[in-house]
Amino acid sequence: MISVSIDDSNLSRLLNAMGSQGRAELNRTAAYGLLTLCRKHLKVEASRRHATANRLGATPTGHLEEAARTMVSTADATAGEVQIFSPGFRRVFGSLSIAPRTARALTLSLDAASYGKRAGELRREGWQLFRSPAKGLRAILLGKHPGTGEVKALYLLRARVTLPQDRTLLPSDNAMASAVRQAIAKHLQTIQRNAR
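## A closer look at the nonpolar core
Here is step 1: Residues Cys38, Leu42, Leu64, Phe89 and Leu169 are the most contacted members of the largest nonpolar core, which totals 18 residues.
Here is step 2: Ala105, Leu122, Trp127 and Leu157 belong to the second-largest nonpolar core, a separate cluster that totals ten residues.

## Side note on the pattern of salt bridges
Here is step 1: Summed over the entire model, instances satisfying the criterion amount to nine salt bridges.
Here is step 2: The partner of lysine 152 in a salt bridge is aspartate 111, with the nearest N and O atoms 3.5 Å apart. Taken together, the residues lysine 152 in strand β7 (residues 151-158) and aspartate 111 in the loop between β4 (106-109) and α4 (119-124) connect sequence positions 41 residues apart.
Here is step 3: For lysine 152, a relative accessible area of 23% translates into the label partly exposed.
Here is step 4: Residue aspartate 111 is classed as buried on the basis of its relative accessible area of 16%.
Here is step 5: A single salt-bridge network, built from bridges that share partners, covers Glu45, Arg48, Arg49, Arg91 and Asp166.

## What about the environment of glutamate 150?
Here is step 1: In this structure, glutamate 150 sits in the loop between β6 (140-144) and β7.
Here is step 2: Glutamate 150 sits 91 residues away from threonine 59 along the chain, and the two C-alpha atoms are 21 Å apart.
Here is step 3: Dropping the residues within four chain positions of it, glutamate 150 is found in contact with Gly143, Lys144 and His145.

## Quick notes on the pairing of β6
Here is step 1: By the bridge criterion, four bridges tie strand β5 (residues 128-131) to β6 in an arrangement that is antiparallel. Bridge pairing links leucine 129 to glycine 143 in β6.
Here is step 2: In the sheet, β6 pairs with β7 via five bridges, with the strands oriented antiparallel. Note that in β7 the partner of isoleucine 140 across the bridge is leucine 156.
Here is step 3: Here β6 hands over to β7 after six residues, with glycine 149 in that stretch at a positive phi of 80°.

## A word on the sheet that holds β7
Here is step 1: Pairing within the open sheet is antiparallel, and its four strands lie in the order β4-β7-β6-β5. Strands at the two margins of the open sheet, each flanked by one partner only, are β4 and β5. For this sheet, the mean inter-axis angle between neighbouring strands, taken without regard to orientation, is 35°.

## Considering the layout of surface pockets
Here is step 1: Empty space within the largest pocket amounts to approximately 2,100 Å³.
Here is step 2: Lining the largest pocket are 47 residues, and of these His63, Ile98, Leu106, Thr107 and Leu108 sit closest to its centre.
Here is step 3: For the lining of the largest pocket, the secondary-structure elements that each account for two or more residues are α2 (51-56), α3 (63-70), β3 (96-98), β4, α4, β7 and β8 (161-163).
Here is step 4: Looking at the lining of the largest pocket element by element, the count peaks at four residues for β4.
Here is step 5: Among the residues forming the lining of the largest pocket, the class breakdown is 23 nonpolar, 14 polar and ten charged.

## Concerning the side chain of serine 114
Here is step 1: With respect to the secondary-structure elements, serine 114 resides in the loop between β4 and α4.
Here is step 2: With residues up to four places along the chain from it excluded, the contact list for serine 114 reads Ser109, Leu122, Leu154 and Tyr155.

## Thoughts on the environment of arginine 104
Here is step 1: Relative to the elements of secondary structure, arginine 104 occurs in the loop between β3 and β4.
Here is step 2: In sequence terms arginine 104 and leucine 157 are 53 residues apart; their C-alpha atoms lie 9.0 Å from each other.

## Notes on the confidence of the model for the chain
Interpreting fine coordinate detail is not advised for predicted regions of low pLDDT.
Here is step 1: Mean pLDDT for the chain: 91, with 93% of residues reaching 70 or above.
Here is step 2: Model confidence for the chain, summarised as mean pLDDT per element, is weakest for helix α1 (residues 9-48) at 88 and strongest for β6 at 97.

Here is what the cut-offs are and how they apply
- Residues numbered from 1 in each chain as written.
- Predicted model: local features only at pLDDT ≥ 70, side-chain atom pairs only at ≥ 80, totals over all residues.
- Heavy atoms only, no water.
- Core = buried A, V, L, I, M, F, W, Y, C linked by side-chain atoms within 4.5 Å.
- Buried < 20%, exposed > 50% of the residue type's maximum accessible area, 1.4 Å probe, protein only.
- Salt bridge = Lys/Arg side-chain N within 4 Å of Asp/Glu carboxyl O.
- Helix = DSSP H or I, 4+ residues; strand = E, 2+ residues; numbered from the N terminus.
- Contact = heavy atoms within 4.5 Å.
- Pairing = 2+ DSSP bridges.
- Axes fitted to C-alpha atoms, helices over the stretch in contact; angles between N-to-C directions.
- 1 Å grid on protein atoms, 1.4 Å probe; cavity = no way out; pocket = protein on both sides within 12 Å on 5 of 7 lines; lining within 4 Å.
- Points joined across faces, edges and corners; volume = space filled by probe spheres on them.
- Nonpolar A, V, L, I, M, F, W, Y, C, P; charged D, E, K, R; others polar.
- pLDDT = per-residue confidence, 0-100.

Here you go:
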């Protein structure tokens with residue numbers, strides 16, 4: 001979780017004078033300003049992150065694009081927040097270790113046919129899957145294509161992988177604080193205009 005706070009005594013006095021409903025509206029505006037910045041940023045980042053799909057000749061999964069579309073902002077009288085839903089997005093805050101939950105190994109795609117799909121999905125499509133005799137870092141899940149009979153290396157098999165931290169999935173702390181400040185300033189200007 002990244003927290004953006006603005007320490008300003010004049011703003012604190014104004015917030016106290018606004019009452020609970022006014023603070024909630026201000027926090028909603030600030031959270032929405034942050035959401036707008038994060039959504040824009042993530043859309044740009046998502047468009048740059050298709051190296052594996054491109055290398056395999058596969059269609060990108062669209063996880064980050066979906067995260068940009070589905071993020072939400074919420075607020076009350078004490079705070080506002082932006083929630084982002086995407087597999088592995090926690091790596092913004094530190095490295096992320098992933099281990100299989102139900103299977104014996106993680107499957108890392110080696111071919112366009114397996115990219116963005118679980119082994120079970122390929123089985124349902126008619127692929128016959130079998131493990132190579134190799135062990136350890138050379139362990140591979142092979143598959144026989146249901147139509148052509150061609151055998152392909154579909155997945156690397158791993159007991160665990162660690163994704164490095166990737167702070168670039170979100171805007172910088174300064175950019176986020178600036179977006180919050182701008183949203184607050186704009187909201188306060190609107191209140192002032194309406195009061196005249």
